[in-house]
Amino acid sequence: MSVEPLLPVSLGNGRVDYAPGMRAGSWVFASGHMAQDYGRGIAASVLREAAPNAAGPGSAREAARVFDNVEAVLAAGGSALDRVVRTDQYYTTVAMVPPYQAERRRRFGALIPPSTSIVQQGLLLPGAALDLQVIAVAADGPPVEHIDHATLSGQPSSGYSAALTAGEFVFVPGNTATAVAGEEARNGVAAEALIKEGQLWGGERLRLEAGFIIERRLLPSLDLAGLGPADVVKAQIYLTDPEDCAVVQDVWAAHFGAGAALSVVPCIPRGLVIEDGRIEINILAHRNGAAAKTVVEAGVATTFADQAEAVRCGDLVFVSALMAADGEGPLAAPDPRQPHFGDPAGEQADAILDAAERICAAAGTALENVVRVQQFHTDLADFHAVHQAWRRRLPGRPIPFSAVEVPGPLPVPGCSVMMDLWVYAA
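A quick note: this is a predicted structure, and the numbers were derived from the prediction, not measured.

1. Description of the pattern of salt bridges
Any two side chains of opposite charge can pair, given that their charged atoms come close.
For step 1, the next point in the chain: By the definition in use, this model includes 23 salt bridges.
For step 2, the next point in the chain: Across the pair Asp250 and Arg207 runs a salt bridge, and its minimum N-O distance is 2.9 Å. Within this pair, whereas Asp250 is found in helix 5 (residues 245-256), its partner Arg207 is found in helix 4 (residues 205-224), the two being separated by 43 residues in sequence.
For step 3, the next point in the chain: Looking at Asp250, the relative accessible area reads 41%, which means it is partly exposed.
For step 4, the next point in the chain: Of the residues examined, Arg207 reaches a relative accessible area of 31% and is grouped as partly exposed.
For step 5, the next point in the chain: The salt bridge involving Asp420 is made with Lys234; its shortest N-O contact spans 3.0 Å. Taken as a pair, Asp420 in strand 25 (residues 417-424) and Lys234 in strand 15 (residues 232-239) lie far apart in primary sequence, 186 residues in all. Judged on exposure class, the residue Asp420 and its partner Lys234 are both buried.

Structure, rendered in structure tokens:
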């Protein structure tokens, strides 16, 4: 299989093997990018410690450096910004959003690809406020076509397309219950997604909000491309309240069944575009998904009942979020009687990678073909132990990771590491 790390580097004293990007077939992936120079953390040209205010706002410099890094990866993979099909942004503060969006508009022009923006608890580099991940197709790959819609596209400040096609795949951006023109709203949330004012009972808030996003945002976006629920192959759901996990899975299953790989990720309160919003969902579909996808079965325990372990579609395998857990709870819980005689984070990572290897084998590929790794930690101090597990599994192989710190608990309480993986499988 043709999977090539792009511009690999070794980071820090711990020699963290990092792949800033991956080329796999006609796909080009830019991993988690911060405004770094890959030698000493955040680039000196961004920090300008001696004169931080002499060259415009530092946040603008940070956004520009992140895009410089991403564009270098895309060029190394034979792609460019006009071939980008999806961006994912994690911020540590909402103050970073306007300068990032201004720089994104400057780089992309009028055609902004589907986007998901989430405020999270922390990033890997002190002082970093932005982590950007990008998916693109190479210049010799399939055509990229934006699908625009008056009310389903992003707000004017964002401006992303309602959906985008790249060959047979259809990318739909992260959607919230933000009210659009013509919809009644309360605090920016569409009133239809809320319990009626003054009612003590009239439905469950999260069930209403999730159902609204699916029925009024996601399904209409799919319909623009001539698709339906059975064509969805991958989804991510971000929640501001971990207590909502079981309910959102119930709503999701009622609309989509178990035919898509699913990851449910915590984010901080007020971490979405609307202050009172509790959920954001992005999806990926295939033009013939109902027939083209294969639900992978490897005997790996899933977080929720009736959840796919993974889905293979086209030349990609999408893995549902993995934690070191089975149906009874965590597999690698620390022993409180002997807290210093183990490595809980490393043991969790080993269990996750064991499961990932089984899924890859069942899907007809191998873990070494991983092209996108999103790691969600409840404590980023665990990152190096988790990376050492990757090194044991794939010695000498640069890992295309993005790692962010999220508020606990994860969907399986007691776990502190969760991974969302994409794997190439031509």
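2. Examining helix 7 (residues 344-362)
For step 1, the next point in the chain: Across its 19 residues, helix 7 extends 27 Å between first and last C-alpha, which sits within 8% of the 27 Å expected from 1.5 Å per residue.
For step 2, the next point in the chain: Those residues of helix 7 lying buried are Ala345, Gly346, Gln348, Ala349, Ala351, Ile352, Leu353, Ala355, Ala356, Ile359 and Cys360.
For step 3, the next point in the chain: In the core, the buried residues of helix 7 are packed alongside strand 18 (294-296), strand 19 (310-313), strand 20 (316-319), helix 8 (383-393) and strand 25.
For step 4, the next point in the chain: Positive phi appears at Gly364, one or two residues downstream of helix 7, with a value of about 85°.

3. What about the packing of aromatic side chains?
For step 1, the next point in the chain: Under the criterion given, the structure shown has 15 aromatic pairs.
For step 2, the next point in the chain: Centroid distance Phe67 to Tyr100: 5.6 Å. Interplanar angle 10°. Geometry classified as stacked. Here the residue Phe67 occupies a position in helix 2 (residues 58-76), and Tyr100 occupies one in helix 3 (residues 97-108), the gap between them amounting to 33 residues. Assigned by exposure class, Phe67 and Tyr100 land together as buried.
For step 3, the next point in the chain: Seen from their ring centres, Tyr91 and Tyr100 are 5.9 Å apart, and the 70° between their planes marks the pair as edge-to-face.
For step 4, the next point in the chain: Note on Tyr91: relative accessible area 1%, which makes it buried.

4. Brief notes about the packing of helix 7 against helix 8
For step 1, the next point in the chain: Packing of helix 7 against helix 8 leaves a shortest axis separation of 8 Å and a crossing angle of 40°. The angle between helix 7 and helix 8 places the two elements in the oblique class. By crossing handedness, the relation of helix 7 to helix 8 is classed as right-handed. Only Ala385, Val386, Ala389, Trp390, Arg392 and Arg393 of helix 8 make contact with helix 7, whose side of the interface consists of Ala345, Gly346, Ala349, Asp350, Leu353, Asp354 and Glu357.
For step 2, the next point in the chain: A per-class count over the contact of helix 7 with helix 8 returns seven nonpolar, one polar and five charged.

5. Observations regarding the sheet that holds strand 11 (residues 163-166)
For step 1, the next point in the chain: Spatial ordering of the open sheet is given by 10-11-12-17-15-16, a layout of six strands whose pairing is mixed. A single partner strand is all that each edge strand has here, and the edge strands are strand 10 (144-147) and strand 16 (261-266). Direction aside, the axes of adjacent strands within the sheet are offset by 15° on average.
For step 2, the next point in the chain: Relative to the sheet, helix 5 contacts strand 15, strand 16 and strand 17 (279-286), its axis offset from that of strand 15 by approximately 155°.

The rules behind each value
Residues numbered from 1 in each chain as written. Predicted model: local features only at pLDDT ≥ 70, side-chain atom pairs only at ≥ 80, totals over all residues. Heavy atoms only, no water. Salt bridge = Lys/Arg side-chain N within 4 Å of Asp/Glu carboxyl O. Helix = DSSP H or I, 4+ residues; strand = E, 2+ residues; numbered from the N terminus. Buried < 20%, exposed > 50% of the residue type's maximum accessible area, 1.4 Å probe, protein only. Expected span 1.5 Å × (residues − 1). Contact = heavy atoms within 4.5 Å. Phe/Tyr/Trp six-rings, centres within 6.5 Å; stacked < 30°, edge-to-face > 60°. Axes fitted to C-alpha atoms, helices over the stretch in contact; angles between N-to-C directions. Parallel < 35°, antiparallel > 145°, perpendicular 65-115°, else oblique. Left-handed = near helix turned anticlockwise from the far one by under 90°. Nonpolar A, V, L, I, M, F, W, Y, C, P; charged D, E, K, R; others polar. Pairing = 2+ DSSP bridges.

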